[in-house]
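Read off the chains here:
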Amino acid sequence: MTEQLIIALDQGTTSSRAVLFNHAADIVDVSQQEFTQHYPKSGWVEHDANEIWDTQFMVLQKLVANNQLRPQDIAAIGITNQRETTVVWNKNTGQPVHNAIVWQDRRTAAKCDAITAAGWKEKILEKTGLVIDAYFSASKVQWILDNVEGARAQADAGELLFGTVDTWVIWKLTEGAVHATDPSNAARTMLLNINTGEWDQELLDLFTVPASMLPQVRDSSGDFGSVSFQGQDVAIAGVAGDQQAALFGQTCFAKGMAKNTYGTGCFLLMNTGAERIDSESGLLSTIAWSIDGKITYALEGSVFIAGAAVQWLRDELEFIQTASESEALALEANPESDVVVVPAFAGLGAPHWDMYARGAIFGLTRDSGRPEIAKATLQSLAYQIFDVLKAMESDSGIELSQLNVDGGAIANDFLAQFQADVLQKPVTRPKVLESTALGAAYLAGLKVGYWQMKDLTKVREVEREFKPKLSIEKVAALLKQWHKAVARSRQWIDADE
Ligand code: ADP
């Protein structure tokens, strides 16, 4: 092999992937492995951090073997990852002290309520850009330190390390030499001051997290050490949380550009440039990336359950055997059906922010069956994005002319068409749906000089554009039903459940 290539490691919520890119930014090969989701209690979601690492390393090895890669064939490695998910491990043994607590996990909701009640809302928003919620890492780290026997004492003795999944993977890849993260991941912990890009002592005290546990924050396109491979070093040169990486991969480099990713959850992000924009409607201000010490900010709307609702159709309801079968099933639905699914399985994220909402099916009649519920489930993804997009347009004062999309679930044509209908805007689907991995590859390639910024403006190849077909009146009627259903699913469980 003569041309050098870039490897992106994409550690997602449901699977670990390794993706090989060439200089034209085309995918050469992908290797992927799903891993186990643990649900120890209602509202709790865990991953085994060792299984995260094992699957991630396995797909890397498989990619290397399948493509007969030698160290000199790899220009650099980039990492992108599920965000907020919290790992705490012992730096001497390398063993996690508890399963990773996943971003969807709600166990610390009451703790977050107490912090809000104690008057921290404004201060936390000002420092972190975030809404106080169990979603972010801070309360998860605290939970581990307070609930795992001996953890607090070990942490105080400087023996424990904290990391989001990027940090854990970097630490494993470098065999413990590098304990670092990037600002796009650090911004999701609720421990980072996004105005300065530094850890915040007042927040560390609030969540009782010793500073000795924290990773170093380095530029997203930066030096994260190296992987020793066949006796040679391969640089880890780019790191970003999955949604920010997707924004970068969709080449949303200019202020006002936005993308939506349909994965396990849905994430709409808009580049807001060198300034943070604060939301009036429940969106988050976050760090998109930092390059050459310069921070770029983003406005973000996070929807917790999107593709995960399709997994629910597959795994719990057993309506389908594969996620893609949801499309054919939805098309069988009675067009007159008024079924609405609110997939608030983990509460509701932006712009509603209700930790106590739960999932619900409304409008069932005697003839409602699998197709009607499947269709309503797919529609719920599009409705949730409608709500977030309206909030974002109002906060930024920028009206999007179209929606750039990516992620596994938008391969579904029914969903893509319905999204265009609900938004009354075109939905453009790129050829490469792996924008997340591409973003990590770009960040790494930039750092090692494999690409220059101007190379990355390669025209985003559109595979298909979906234009709105439903009438505005019909859409208004559907949205009215959706909002009625959302209102009724709110505050379903009591705060102490
Ligand atoms: P993540 O990176 O969060 O693991 P992906 O981008 O790989 O997610 O997308 C996988 C998600 O998309 C899963 O939740 C799956 O149920 C859903 N999905 C995949 N293909 C389809 C499809 N054709 N129709 C609907 N949902 C799909």
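Bear in mind the structure is a predicted one, so any value in this text is a computation, not a measurement.

Engineer: Let's hear about the packing of aromatic side chains: which residues, and what values?
Structural biologist: Taken as a whole and judged by the stated rule, the model has 20 aromatic pairs. Note on tyrosine 442 and tryptophan 451: the rings are 5.2 Å apart at their centroids and 85° apart in plane angle, and the pair reads as edge-to-face. By the burial criterion, tyrosine 442 is buried, and tryptophan 451 matches it. Each residue in the set Trp103, Tyr135, Phe136, Phe267, Phe304 and Trp353 is aromatic and connected to the rest through ring pairs, giving one cluster. Here the guanidinium or amino end of arginine 83 rests over the ring plane of phenylalanine 267, the centre of that ring lying 5.2 Å away. Seen from the ring of tryptophan 143, arginine 107 lies directly overhead, with NZ or CZ sitting 4.5 Å from the centre.

Engineer: With reference to specific residues and values, describe the site of the ligand.
Structural biologist: Near the ligand there are 16 residues, and of these Thr14, Thr264, Gly307, Gly408 and Asn412 occur at the shortest range. At 3.5 Å from an oxygen atom of the ligand is found a main-chain nitrogen or oxygen belonging to alanine 308. The backbone of glycine 408 places a nitrogen or oxygen atom 2.9 Å from an oxygen atom of the ligand. Summarising the interface, the protein chains cover 84% of the accessible area of the ligand, which totals 580 Å² for the free molecule. Considering every element that reaches the shell around the ligand, the biggest residue donor is helix α10 (residues 307–315), with 4 residues.

Engineer: How would you explain the sheet that holds strand β17 (residues 284–291) if you had to name every residue and give the values?
Structural biologist: Spatially, β17-β18-β16-β15-β21-β22-β23 is the arrangement adopted by the 7 strands of the open sheet, whose pairing is mixed. Of all the strands in the sheet, just β17 and β23 (462–466) have a single pairing partner and so form its edges. Strand-to-strand twist of the sheet, defined as the mean angle between neighbouring strand axes without regard to direction, takes the value 30°. One ladder, built from 5 bridges, connects strand β15 (residues 258–262) with strand β16 (residues 266–273); its direction is antiparallel. Looking at β16, one finds that threonine 261 is bridged to phenylalanine 267.

Calculation notes
Residues numbered from 1 in each chain as written. Predicted model: local features only at pLDDT ≥ 70, side-chain atom pairs only at ≥ 80, totals over all residues. Heavy atoms only, no water. Phe/Tyr/Trp six-rings, centres within 6.5 Å; stacked < 30°, edge-to-face > 60°. Buried < 20%, exposed > 50% of the residue type's maximum accessible area, 1.4 Å probe, protein only. Lys NZ or Arg CZ within 6 Å of the ring centre and 35° of its normal. Near = heavy atom within 4 Å. Polar contact = N/O pair within 3.5 Å; in protein donor to acceptor, adjacent residues only side chain to side chain. Areas by Shrake-Rupley, 256 points an atom, 1.4 Å probe, with all protein chains shown as cover. Helix = DSSP H or I, 4+ residues; strand = E, 2+ residues; numbered from the N terminus. Pairing = 2+ DSSP bridges. Axes fitted to C-alpha atoms, helices over the stretch in contact; angles between N-to-C directions.

Spatial relationships are all this shows, so hold off on functional conclusions.
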